[in-house]
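# Analysis of the macromolecular model
Below are the chains, spelled out letter by letter.
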Amino acid sequence: MTPEIIRETSEFIQNQLPDFEAKIGIILGTGLGHLAQEIEVLCEIPYHVLPHFPISTVETHSGKLILGTLGGKSVICLQGRFHYYEGYSMQEVTFPIRVLHSLGVKYLFVSNAAGGLNPVFNISDLMIIEDHVALFLPESPLRGKNPASFGPRFPDMSQPYDLELINQGKAILKELGVTVHSGVYTSVQGPQLETKAEYRLLRQLGTDAVGMSTVPEVIVAHQVGMKVFACSVITDLCFPETLKEAKFEEILAAAAQAEPSLTQLFIRLIQQIS
Ligand code: HPA
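Below: a short report on this structure. From a predicted model like this one, the values you see are computed outputs, not experimental measurements.

Turning next to the overall build of the chain. From N to C terminus, the chain includes 6 helices and 9 strands. For 274 residues, the compact-globule formula gives about 19 Å, and the C-alpha radius of gyration of the chain, at 18 Å, lands near that figure. Structurally, the chain occupies a C-alpha span of about 55 × 40 × 35 Å along its principal axes. Residues counted as buried form 51% of the 274 residues belonging to the chain. Within the chain, contacts between residues separated by at least 24 positions form 83% of all contacts whose residues are at least 6 apart in sequence. Here the chain displays about 12200 Å² of accessible surface, and carbon together with sulfur accounts for 52% of that area.

For helix α3 (residues 163–176), built from 14 residues, the straight-helix expectation of 20 Å at 1.5 Å per residue is met to within 8% by its first-to-last C-alpha distance of 20 Å. Of the surrounding secondary structure, the elements contacted by the buried residues of α3 are β5 (107–116), β6 (126–133), β9 (227–237) and α6 (248–272). A positive phi of about 75 degrees marks G177, the residue just after α3.

In the region of the ligand, the neighbouring residues are A113, A114, G115, L193, E194, Y199, V210, G211, M212, T235, D236 and C238. Here a nitrogen atom of the ligand and a side-chain polar atom of E194 are 2.6 Å apart. The separation between an oxygen atom of the ligand and a polar side-chain atom of Y199 is 2.7 Å. Relative to its unbound accessible area of 260 Å², the ligand is 94% covered by the protein chains. Those elements giving two or more residues to the shell around the ligand turn out to be β5, β8 (209–211) and β9.

What follows is about a nonpolar patch on the surface. Together, F136, L201 and L205 make up a nonpolar patch on the protein surface, roughly 270 Å² of accessible area in all. On the secondary structure map, F136 appears in the loop between β6 and α3.

Core analysis: the biggest nonpolar cluster contains 75 residues, and I26 and F109 have the highest contact counts within it. Per-element accounting of this core gives the leading share, 7 residues, to α6. Each residue touching I26, except ones within four places of it in the same chain, is listed here: L35, L70, V75, I76, C77, L78, F109, F266 and I270. Core analysis: the next-biggest nonpolar cluster, separate from the first, contains 6 residues, L117, V188, Y199 and V210 among them.

Bringing the layout of surface pockets into the picture now. Think of a ball as big as a water molecule: rolled over the atoms, this probe shows where empty space is left. The computed volume of the second largest pocket comes to approximately 310 Å³. What lines the second largest pocket is a set of 17 residues, among which I123, D236, L237, K244 and E245 lie closest to the centre. Looking at the lining of the second largest pocket, its residues break down into 9 nonpolar, 2 polar and 6 charged.

Moving on, we get to the pairing of strand β3 (residues 64–70). β3 sits mainly inside the fold: 5 of its 7 residues count as buried. Relative to β3, strand β2 (residues 40–46) runs antiparallel, the two being bridged by 6 bridges. Bridge assignment links E44 to a residue of β3, and that residue is I66. The sheet contact formed by β3 and strand β4 (residues 73–79) spans 7 bridges and is antiparallel. For I66, the partnering residue across the bridge sits in β4 and is C77. Here β3 hands over to β4 after 2 residues, with G71 in that stretch at a positive phi of 55 degrees.

Moving on, we come to the side chain of S187. Tracing the chain through its elements places S187 in strand β7 (residues 181–187). Ignoring any residue separated from it by four or fewer positions in sequence, one finds S187 in contact with V133, F136, L137, G211, S213, V215 and P216.

This part covers the pairing of β7. Burial analysis of β7 places 5 of its 7 residues in the buried class, the great majority of the element. Pairing between β6 and β7: 6 bridges, direction parallel. Bridge pairing links V133 to T186 in β7. Note that β7 and β8 share 3 bridges and pair parallel.

The subject of this paragraph is the side chain of D125. Mapped onto the secondary structure, D125 falls in the loop between β5 and β6. At 2.8 Å, the side chain of D125 and the side chain of H181 are in polar contact.

So, how was this worked out
- Residues numbered from 1 in each chain as written.
- Predicted model: local features only at pLDDT ≥ 70, side-chain atom pairs only at ≥ 80, totals over all residues.
- Heavy atoms only, no water.
- Helix = DSSP H or I, 4+ residues; strand = E, 2+ residues; numbered from the N terminus.
- Rg over C-alpha atoms; globule rule 2.2 N^0.38 Å.
- Buried < 20%, exposed > 50% of the residue type's maximum accessible area, 1.4 Å probe, protein only.
- Contact = heavy atoms within 4.5 Å.
- Areas by Shrake-Rupley, 256 points an atom, 1.4 Å probe, with all protein chains shown as cover.
- Expected span 1.5 Å × (residues − 1).
- Near = heavy atom within 4 Å.
- Polar contact = N/O pair within 3.5 Å; in protein donor to acceptor, adjacent residues only side chain to side chain.
- Patch = residues over 30% accessible without salt bridge, like charges linked within 9 Å, V, L, I, M, F, W, Y side chains within 5 Å.
- Salt bridge = Lys/Arg side-chain N within 4 Å of Asp/Glu carboxyl O.
- Core = buried A, V, L, I, M, F, W, Y, C linked by side-chain atoms within 4.5 Å.
- 1 Å grid on protein atoms, 1.4 Å probe; cavity = no way out; pocket = protein on both sides within 12 Å on 5 of 7 lines; lining within 4 Å.
- Points joined across faces, edges and corners; volume = space filled by probe spheres on them.
- Nonpolar A, V, L, I, M, F, W, Y, C, P; charged D, E, K, R; others polar.
- Pairing = 2+ DSSP bridges.

No statement about biological role is implied by the geometric values presented.
Right, dumping it as structure tokens:
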């Protein structure tokens, strides 16, 4: 992914709506696509018409870019994301983030579905991500050439998630009367879920929630200097002693149940951005 390729995609998008400017980018994950319904849409671009854009293959992800307003702010929304397990390279998975950066996005909001390892979690709880573990990923999304426009060669990762947004997010959930959790998200390659032994290991390593997305995008967003806020919906409980067979429909149902709170959280946080 060269700066020229990234620019070709971002110029194509900008040309659809020449006066549009947005500081805020949003990635909508599994079963969380309905936040998009709250957006006043100015322009929608299916991924398959975007030059150089990967095309999403998972049926639950519809795959389009939405330019519009949410909570009174201009936003660019990625409806549908790319996962390593679908066969994309880490560069492809994170290409949309580089395009958002090239379009002027300064804040990235991310949601995902995740398995809960912290014993106080319940199904459909929300967990604000405070930190992550990327060590199980096959490679870094930053591997390879690092043109100056990408940011530092060796980016600091002492606080990839913006502390102010984390604190604002916690306060909003309290106001909404929603249980507030925060913790460490570990990202794995997937697509298979983990064994009991793997959940035990992940928990011992400090994981509160585990999933198959988000961290590659966050690493790139942080490298380019975006402020990042990420929140997981706990869709299944992954306690080794009582582990039940995971059912995909139950995971989607758990995500759907959390959707109203998550939507409110994102809208209110976005309203607070100055
Ligand atoms: N593991 C990995 N990814 C997930 C899980 C899980 O248990 N639940 C939802 N996404």
